[in-house]
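Close look at the chain arrangement
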Amino acid sequence: MKLLLAGGRVIDPSQNLDAHMDILIENGKIAEIEKNTHKPKTDSRKSAAREINIIDIKGMVVVPGLIDMHTHLREPGFEYRETIQTGSEAGAAGGFTSVACMPNTNPVNDTRSVTEYIKRKAASCNLVNVYPIASVSMGSEGVSLTEFMDLKDAGAMAFSDDGKPVTNSALMRRALEYASSLGMSIISHCEDTCLSQGGSMNEGFVSTELGLQGIPNIAEDAIVARDIIIADYTGALLHIAHVSTAGAVRLIRDAKDRGLRVTAETAPHYFTLTDEALREFDTCAKVNPPLRTIEDVKAVKEGLRDGTIDVIASDHAPHASTDKEVEFEYASFGITGLETSLALSLRLVDDGILTLGQLILRMSTNPARILNIPKGTLKTGGDADITVIDPNRNWTVDRNKLRSKGKNTPFHGQAMKGKAIMTIMGGEIKYRDMP
Amino acid sequence: MKLTKKDILGIKDLSVDEINLILDTADSFIEVSTREIKKVPTLRGKTVVNLFFEASTRTRTSFEIAGKRLSADTINISATTSSVVKGETLIDTARNLEAMNPDAIVIRHSAAGAPHMLARMVKQSIINAGDGAHEHPTQALLDMMTIREKKRKVSGLKVAIVGDIAHSRVARSNIYGLTKMGAHVIVAGPAMMIPRDVERMGVTVHNNLEEAIKDVDIIMMLRIQLERQQQKIFPSLREYSNFFCLNRHNIKMAKEDVLVMHPGPINRGIEIAPDIADGPYSIILDQVTNGVAVRMALLYLLIGGQR
């Protein structure tokens, strides 16, 4: 069966493309991509019409399948929060054709068998491509390195002790050198735990008023600076996860100016919300790193605009109600994000901070490049991973309708504009929300 | 005027009119506690649950006496005797209490925001008796009542709050209350005990006791929480008391008619010298007396009469 996406506006930063084109999908690959002439179909097509499923997507935007390079699928070990199945469903509904999942499962993804389990499970779900990220250290305990070569061979695409920082600088140095020799990045969760210990929100005026112990910006900035220094010394590939502070943006911009091989991501909540969202002790807005101040939000947006921040990733962190419906200090950190990430990011386009092309670069092409996966493009012959977006669809976030098991969204009840209406992976429609 | 709120969660949420209403009502309840038969039937048939997840003698007793003097049935639940030790969540505890249909729940909890969560969950009136380092509204109300009683006003007074401001709910509630009522508030303590951006709450900051209390009308000393010492937030009690203990020498910096307050329990010789705590400047026990009246007023305003 062939599939023809007809009449959409195709945006593909990998080919510098922004034009109305038709895309023909055949055998899971992109067979043809050509200018939409708005003329009747050719005879050859007409004769083959029976075998071609033609989908009219006039007025819609067609982009390379979105890639979320920072998610928590929770399986194995925390299936009450999310499974690879529910996480994949949430991903497809959010417009993602690929997700990379962090290793803080139980057991931690620190060995080939766990990586293989995740890949096998994801393949049987067959909704999104799942790229496991293996841990830097055994058990993410920060003591001894995992078997990077073996894990790469098993299918790991990067290494991270996400959720915990690598506190030992010597271990971080060795990890950066080792991963880089394999052409892979270390994804660093930057947090000085001595500075952040006991904190449950950003340190500042709001934490002072609420009497909650704060996590200062310097807890993030100090480790970003350290990691950049090590990356500079080793020449290694460093990717900074979930950037939330103005200081981190400044440090990364400076590192890039000096030509270091440093990349960075931020999450939608860091350019959408500030610590004011915690005024009513809403545990759904409790996240690590914490929601910062308006100055930080502005800096993160500027970092996205000028390319300092390469990627928007959701840091999808689903939690069960039992993790969140407790006293604020005891609540788990994290925001469920796969199904709100695109709409929140589209606000940057509406606000004139990014063009649609720049947004897709940060949500598809760049993450593919950093993870070194053959995705993020609509080039002929490539995998038919495609997201169709209705940029004008108005909808309201309803936590009870999320496909993810994690209902922990601070955006419940908020109006959104823009939505993935079709998610195609390997030429198959995995999600569809259109007449 | 009536109090239209369901709950008393913090001074931040109260208007000047509401504060005045509570203080005026409290003034009128003072007399009840001086009678031979210290009981009025105002809250007969009402049930007040004191749900204390954190150790307290003064506040819990004060609420219990307040309820009893108004003829309410008061029940005390402390964390060690409740289901909490069996692993029940706060929400489940609250829902179970709600099912027994009390009229008000007074809660103290070590976690900031716990009363707010409770207030969202249950239909009963919630009174915050202290939540973490966030707020302790009844303490600030009784403090303002005592200041008003002794100085006949709050507006225009200079009030110094001294101690571990960062971890003090008493400080926060008093900062909100006193600044709303027109006082000038000064906070003082070693730098690591001053929370970030506290100036934006409308206070002046000092790191030196003598400078902080210069020409003030009221000095409010906070209890040094000895358990913080284990967390190495400050070097030693010896040093703290050498530089931040209010004594008969440094108190001369303040106005001659200065009044000394303390929310208790006091650490004699650490933040306050015994002769100051017991001396003529001290109104510490007046605070305790007024505490009962303030809590009677709140119970009356929240659950008295028809709502």
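Parameters and conventions
Residues numbered from 1 in each chain as written. Chains lettered and ligands numbered in written order. Predicted model: local features only at pLDDT ≥ 70, side-chain atom pairs only at ≥ 80, totals over all residues. Heavy atoms only, no water. Helix = DSSP H or I, 4+ residues; strand = E, 2+ residues; numbered from the N terminus. Rg over C-alpha atoms; globule rule 2.2 N^0.38 Å. Buried < 20%, exposed > 50% of the residue type's maximum accessible area, 1.4 Å probe, protein only. Contact = heavy atoms within 4.5 Å. Areas by Shrake-Rupley, 256 points an atom, 1.4 Å probe, with all protein chains shown as cover. Pairing = 2+ DSSP bridges. Axes fitted to C-alpha atoms, helices over the stretch in contact; angles between N-to-C directions. Parallel < 35°, antiparallel > 145°, perpendicular 65-115°, else oblique. Left-handed = near helix turned anticlockwise from the far one by under 90°. Nonpolar A, V, L, I, M, F, W, Y, C, P; charged D, E, K, R; others polar. 1 Å grid on protein atoms, 1.4 Å probe; cavity = no way out; pocket = protein on both sides within 12 Å on 5 of 7 lines; lining within 4 Å. Points joined across faces, edges and corners; volume = space filled by probe spheres on them. Buried area = accessible area lost by both parts, 1.4 Å probe. Salt bridge = Lys/Arg side-chain N within 4 Å of Asp/Glu carboxyl O. Phe/Tyr/Trp six-rings, centres within 6.5 Å; stacked < 30°, edge-to-face > 60°.

Points about the overall build of chain A
The number of helices and strands found in chain A is 14 helices and 18 strands. Computed over the C-alpha atoms, the radius of gyration of chain A is 21 Å, within 12% of the 22 Å expected from 2.2 N^0.38 for a compact globule of 435 residues. Taken along its principal axes, the extent of the C-alpha atoms in chain A is 70 × 45 × 45 Å. Sorting the 435 residues of chain A into buried and exposed places 62% on the buried side.

Quick word on the overall build of chain B
A tally of helices and strands in chain B yields 11 helices and nine strands. Its C-alpha atoms give chain B a radius of gyration of 19 Å, near enough to 19 Å, the size a compact globule of 307 residues would have. By the burial criterion, 58% of the 307 residues in chain B qualify as buried. When contacts within chain B are restricted to residue pairs at least 6 apart in sequence, those whose partners lie at least 24 apart make up 73%. Approximately 12800 Å² of chain B is accessible, and the part contributed by carbon and sulfur atoms is 50%.

Focus on the sheet that holds strand E5 (residues 158–162) of chain B
Residue and element names in this part refer to chain B. The five strands lie next to each other as E7-E6-E5-E8-E9, forming an open sheet whose pairing is parallel. At either margin of the open sheet sits one strand with a lone partner, and together these are strand E7 (204–206) and strand E9 (259–261). Between one strand axis and the next, the sheet turns by 20° as a mean value, whatever way the strands run. Here strand E6 (residues 184–188) runs beside E7; their pairing, made up of three bridges, is parallel. Across the sheet, residue Ile186 finds its bridge partner in E7, namely Thr204. Along the sheet, helix H5 (residues 137–151) makes contact with strand E8 (218–221) and E9, crossing E9 at roughly 165°.

Details of the packing of helix H8 (residues 217–234) of chain A against helix H9 (residues 246–257) of chain A
All names here are of chain A. Packing of H8 against H9 leaves a shortest axis separation of 9 Å and a crossing angle of 15°. In terms of orientation, H8 lies roughly parallel with respect to H9. Here the hand of the crossing between H8 and H9 comes out right-handed. Residue-level inspection shows Glu220, Asp221, Val224, Ala225 and Ile228 of H8 in contact with H9, the latter providing Gly247, Ala248, Leu251, Ile252 and Ala255. By residue class, the composition of the contact of H8 with H9 is seven nonpolar, one polar and two charged.

What to know about the layout of surface pockets
Within this model, the second largest pocket holds a volume of roughly 550 Å³. Looking at the second largest pocket, it is lined by 27 residues, and the ones nearest its centre are Asp282, Thr283, Cys284, Glu325 and Arg399 of chain A. For the lining of the second largest pocket, the elements supplying multiple residues, two or more each, are helix H12 (321–324) of chain A together with helix H4 (114–121) of chain B. The biggest single contributor to the lining of the second largest pocket is H4 of chain B, with four residues.

Regarding the interface of chain B and chain A
At the junction of the two partners, chain B supplies 22 residues and chain A supplies 17 residues. Carbon and sulfur atoms supply 53% of the area buried between chain B and chain A, which totals about 1600 Å² over both sides. Of all residues in chain B, Ala112, Arg196 and Arg200 of chain B give up the largest surface area on contact with chain A, accounting jointly for 25% of the area buried on that side. The interface formed by chain B and chain A contains one salt bridge.

Side note on empty space enclosed by the protein
Residue and element names in this part refer to chain A. One pass over the full model with this rule turns up three cavities of 30 Å³ or more. Forming the walls of the largest cavity are His189, Cys190, Glu191, Ile215, Pro216, Ala219, Glu220, Asn288, Pro289, Pro290 and Arg292. Here the second largest cavity is characterised by a volume of approximately 40 Å³. If you trace the second largest cavity, you find it lined by Pro268, His269, Ser314, Ile335, Thr336, Gly337, Thr340, Ser341, Leu344 and Phe411. Of all the secondary structure elements, the ones that give two or more residues to the lining of the second largest cavity are helix H10 (268–272) and helix H13 (341–350). For the lining of the second largest cavity, the per-class residue count stands at four nonpolar, six polar and no charged.

Thoughts on the pattern of salt bridges
Counted under the stated rule, the structure contains 42 salt bridges over all chains. With its nearest N and O atoms 3.5 Å apart, the salt bridge here joins Asp56 of chain A to Lys58 of chain A. A relative accessible area of 51% places Lys58 of chain A in the exposed class. Ionic pairing is found between Lys68 of chain B and Glu64 of chain B, a salt bridge with its closest N-O pair at 2.8 Å. With Lys68 of chain B and Glu64 of chain B both in helix H2 (residues 58–69) and four residues apart, the pair spans about one turn of that helix. A network of salt bridges, in which partner residues are shared, links Lys29, Lys375, Asp383 and Asp385 of chain A.

Overview of unusual backbone geometry
Residue and element names in this part refer to chain A. With an omega dihedral of 5°, the bond running from Glu75 to Pro76 counts as a cis peptide bond. Note that Pro76 resides in the loop between strand E6 (66–71) and helix H2 (84–93). Look at the link from Asn288 to Pro289: it is a cis peptide, with omega at -5°. Tracing the chain through its elements places Pro289 in the loop between H10 and helix H11 (294–305). Non-glycine residue Phe281 carries a positive phi angle of around 60°. Note that Phe281 resides in the loop between H10 and H11. Note on Phe281: relative accessible area 4%, which makes it buried.

A look at the sheet that holds strand E3 (residues 104–109) of chain B
Residue and element names in this part refer to chain B. With parallel pairing, four strands are arranged side by side in an open sheet as E2-E1-E3-E4. Lying at the two open borders of the sheet, with one neighbouring strand each, are strand E2 (73–78) and strand E4 (125–131). Looking at each pair of strands side by side, their axes are set apart by 15° on average, direction ignored. Examined bridge by bridge, E3 and E4 share five bridges and lie parallel to one another. Each bridged residue has a counterpart across the sheet, and for Ile107 the counterpart in E4 is Asn128. Along the sheet, H4 makes contact with strand E1 (47–52), E3 and E4, crossing E4 at roughly 170°.

Quick look at the packing of aromatic side chains
Residue and element names in this part refer to chain B. For the structure on display, the rule yields six aromatic pairs over all chains. With 5.9 Å between their ring centres and 55° between their planes, Phe234 and Tyr240 make a pair best called tilted. Assigned by exposure class, Phe234 and Tyr240 land together as buried. Between Tyr240 and Phe244, the aromatic rings sit 5.2 Å apart at their centres with planes inclined by 20°, giving stacked as the arrangement. Separated by four residues within a single helix, Tyr240 and Phe244 lie in helix H9 (residues 237–244), roughly one turn from each other. When sorted by exposure, Tyr240 lands in the same class as Phe244, which is buried.

What about the environment of Ala317 of chain A?
Mapped onto the elements of the fold, Ala317 of chain A is located in the loop between strand E15 (311–312) and H12. Linking Ala317 of chain A and Ser332 of chain A, residues 15 residues apart in sequence, is a C-alpha distance of 9.8 Å.

Overview of the packing of H5 of chain B against helix H6 (residues 169–180) of chain B
Residues and elements named next belong to chain B. For the pair H5 and H6, interaxial distance at closest approach is 8 Å and the crossing angle is 50°. In terms of orientation, H5 and H6 fall into the oblique class. Both H5 and H6 take part in a crossing whose hand is right-handed. Every residue of H6 that contacts H5 at Pro137, Gln139, Ala140, Asp143, Met144 and Ile147 is listed here: Val170, Ser173, Asn174, Gly177 and Leu178. Its residues placed into classes, the contact of H5 with H6 shows six nonpolar, four polar and one charged.

By themselves, these figures tell us nothing about what the structure is for.
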